[in-house]
Amino acid sequence: MTHLFDKLKYFFDLIFWYFKTSKIRNSKSNNKSKTLIISEIAASLATVKINCILAKCFESIGYEIIIIFRHKQFLYELYYKLLNINKFYYLDTYPSSNKSKMVKKILETANHSDSFINCEIDGIKVGKWIASRIVREDRIGEFEIDKYIGKKLNDCVNDSVNAIFKIREILKNYKNCSIIFNERGYSPSGEIFDYCIKKNVNTIQWFGSPLEDHHSFKRYNQKNNECHPLTLSHQSFNDLLSHKSAHLFDRDILKYLNEQYSKNKWFNRQNLQENKSIYNKIELIKKLNLDPQKKIAVIFSHVMYDATFFYGTSLFGNYKIWLQETLKAAAKNKNVNWILRVHPVNKFKNNIDGTDNISLEEKLLKETFKILPENFFLVPPDSDISTFSFFKAIDYGLTVRGTVGCELACFGVPVFTAGTGRYSNNGFTIDSKTKKSYIMKLNKIQNYSKLTKKQVKLARIYTYGSLIARSIPMDGINIKYNGKNVLNPYHTNVLFENIEIKELIKKRDIKLLLNWFDDEHLKQSNRDLLYIN
């Protein structure tokens, strides 16, 4: 019955799509001198609809459109075909001697987890992408190769190799290529991403902004290919520091953070602010039963299986090891209140899956301490405490590279990082080059002072650039995340006007994207797409 209902739902959606796209269906450019590859390796109905609209916009300015799916996707392909987009490529499963040699070479590194994770083939980080995929699919905190020797690992390695051979084939057959991703990590997407970077293909990722009703975009090249998509490039950071309105950015970021958190809108595509309340310092101390005579340090955990090996360089092998070593070091320092803030996205993931699983972070806390030290306190993912409560109440923050690090620094809170690839080494965080120096800092964390005015200014302008200026207001394409309805409790709806393509590409978000995407000078730089009122 459920299967029949799903078929009917998609049938009616396709009919609606057909009429909704009537004015852009037959639009095209006679001069197709460029190629746009759209990666649908991690396809969903929402990404397909968004990419369909983007495809028609790019087609109108001279791009030939080709789509990469992992395998045949009859339903998703129909959405493209109804717009007269018909070139689809799939990750071939046909064996060849060259493929077999590459598979064998990768599997030869499977004698140890670390050697496999660090496995690269011609500059493509196959080990990291496969390991990230496995921990994500199995929702585990650590990649242990011994558990995956056999079919699962072989299947993943074959997927990885098929992706490499397919993107090689496409780039060989098409010239002047660009590629756009929504999900650019996890195998086999990561291998395609790496290969395009290696070949200097214009490589763009689009993703949901922290701000409601906004898009964000990131261009990648060989200099920034390990950066988080919200990383602000050095060129853009310097541009904002010297901007005539820099003093306003300094002020406005606090306004944005206050408004977004108080209205429960910040990063709300994942419902992170649902049922959250903002507490002041006195209320927080009372609620958590903290010692008012001690300073407060908060460990902001990462979701252990989320983009585990994607970004930068980490002091520890993964987020689980970082958290465990941080907890052990913190337990030795009795001079502060230690709070473990479990990432609230764990609750969102449980809601989607219809489960109430305890988070890996909470499990690790119980494994690490049979009896919780008296100066340790837990804020679980379903707590009603808004993250904003910590900004004016705590003295220190700890993270590998979480967004909260640059937010805290805007309020003068020293943030101790354990990894690069985001906002570290920009003058407003306390970074470490070794595990030993990181642990030593925790041993005497209570001796660190608030950030200086100069550091706070750097943090505010960086955070404004990263989270606000890089957020492009939706206009031509509107995405409504998590619109609850009877069809799907976490449905993402894609809205746009049914207007001629020449009018659609004049819409603010699409116009800004096309101009930035297609600018030959900017293709060679790291300048981000910024929108400043």
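Before reading on, note that the structure itself is shown above.
Figured I'd write up the structure that's included with this text. (Residues numbered from 1 in each chain as written. Predicted model: local features only at pLDDT ≥ 70, side-chain atom pairs only at ≥ 80, totals over all residues. Heavy atoms only, no water.)

1. Some points on the sheet that holds strand β11 (residues 415–417)
Reasoning step 1: The sheet built from five strands is open, its strands ordered β9-β8-β7-β10-β11 with parallel pairing. If you trace the sheet from one side to the other, it starts and ends with β9 (376–379) and β11, each paired once. The mean angle between the axes of side-by-side strands here comes to 20°, regardless of whether they run parallel or antiparallel.
Reasoning step 2: Summarising the sheet, strand β10 (residues 396–399) and β11 pair through three bridges and their orientation is parallel. In the sheet register, T399 faces β11, and the bridge partner there is T417. (Pairing = 2+ DSSP bridges. Helix = DSSP H or I, 4+ residues; strand = E, 2+ residues; numbered from the N terminus. Axes fitted to C-alpha atoms, helices over the stretch in contact; angles between N-to-C directions.)

2. Some words on the sheet that holds strand β12 (residues 472–473)
Reasoning step 1: The strand order across the open sheet built from seven strands is β3-β2-β1-β4-β5-β6-β12, with neighbouring strands paired in mixed fashion. The strands lining the two open edges of the sheet, one partner per strand, are β3 (88–90) and β12.
Reasoning step 2: Direction of pairing for strand β5 (residues 202–208) relative to strand β6 (residues 214–220): antiparallel, over a ladder of six bridges. When the sheet's bridge partners are listed, T203 is paired in β6 with Y220.
Reasoning step 3: Each of β1 (34–40), β2 (63–69), β4 (177–181), β5, β6 and β12 touches helix α20 (residues 508–518); the most contacted strand, β6, lies at about 5° to it. (Contact = heavy atoms within 4.5 Å.)

3. Section: the nonpolar core
What tends to happen in soluble globular proteins is that the nonpolar side chains get buried as a cluster.
Reasoning step 1: Within the largest apolar cluster, 54 residues are counted, with the highest numbers of intra-cluster contacts made by I37, I106, F116, F143, L153 and I192.
Reasoning step 2: Elements with a minimum of two residues in this core: β2, α4 (97–107), α5 (113–117), α6 (126–138), α7 (151–173), β4, α8 (189–198) and α13 (345–353).
Reasoning step 3: Of the residues forming this core, the biggest block, 10 residues, is contributed by α7.
Reasoning step 4: Ignoring anything within four residues of it in the chain, the contact list for F116 reads I106, T109, A110, G127, I130, F143, I145, L153 and V157. (Core = buried A, V, L, I, M, F, W, Y, C linked by side-chain atoms within 4.5 Å. Buried < 20%, exposed > 50% of the residue type's maximum accessible area, 1.4 Å probe, protein only.)

4. Brief notes about the pairing of β4
Reasoning step 1: Burial analysis of β4 places five of its five residues in the buried class, the great majority of the element.
Reasoning step 2: Residues C177, I179 and F181 point to one face of β4 and S178 and I180 to the other, with burial holding for every one of them.
Reasoning step 3: Two strands pair when backbone bridges link them, and β1 and β4 are joined in this way by four bridges, in the parallel orientation. Residue pairing across strands places L36 opposite S178, the latter belonging to β4.
Reasoning step 4: As defined by bridge partners, β4 adjoins β5 across four bridges and the pair is classed as parallel. Looking across to β5, one finds that I179 is bridged to T203.
Reasoning step 5: Note on the crossover from β4 through α8 to β5: the handedness is right-handed. (Right-handed = clockwise from strand over helix to strand, strands pointing away.)

5. Description of helix α11 (residues 281–288)
Reasoning step 1: Of all the residues in α11, the buried ones are L284, I285 and L288. Looking down the long axis of α11, one finds its buried residues gathered within 100° of arc, a one-sided arrangement. The exposed residues of α11 that point more than 90 degrees off its buried face are I282 and K286.
Reasoning step 2: In this structure, the buried side of α11 is in contact with β7 (295–300), β8 (336–341), β9 and α15 (388–391). (Arc of directions from axis to C-beta.)

6. Focus: α4
Reasoning step 1: Residues of α4 that are buried include every one of K99, M102, V103 and I106, and no others. The buried residues of α4 occupy one face: seen down the axis, they fall within an arc of 100°. Projecting away from the buried face of α4 at angles above 90 degrees are the exposed residues S97, K101 and K104.
Reasoning step 2: On its buried side, α4 packs onto α5, α6 and α7.

7. A word on a nonpolar patch on the surface
Reasoning step 1: On the surface, L4, L8, F11, F12, I15, Y18 and F19 cluster together into a nonpolar patch covering about 720 Å² of accessible area.
Reasoning step 2: On the basis of relative accessible area, F11 is assigned to the partly exposed category, the value being 47%. (Patch = residues over 30% accessible without salt bridge, like charges linked within 9 Å, V, L, I, M, F, W, Y side chains within 5 Å. Areas by Shrake-Rupley, 256 points an atom, 1.4 Å probe, with all protein chains shown as cover. Salt bridge = Lys/Arg side-chain N within 4 Å of Asp/Glu carboxyl O.)

8. Regarding the packing of aromatic side chains
Reasoning step 1: Taken as a whole, this structure holds 35 aromatic pairs when the rule is applied.
Reasoning step 2: Where F193 meets Y220, the ring centres are 5.2 Å apart and the plane angle is 85°; that geometry is what we call edge-to-face. Of this pair, F193 sits in helix α8 while Y220 sits in strand β6, and the two are 27 residues apart along the sequence.
Reasoning step 3: On the basis of relative accessibility, which here comes to 2%, the residue Y220 falls in the buried class.
Reasoning step 4: Connected via pairs of aromatic rings, a cluster forms that spans Y261, W266, F267, F388, F391 and F411.
Reasoning step 5: Seen from the ring of F193, R184 lies directly overhead, with NZ or CZ sitting 4.4 Å from the centre. (Phe/Tyr/Trp six-rings, centres within 6.5 Å; stacked < 30°, edge-to-face > 60°. Lys NZ or Arg CZ within 6 Å of the ring centre and 35° of its normal.)

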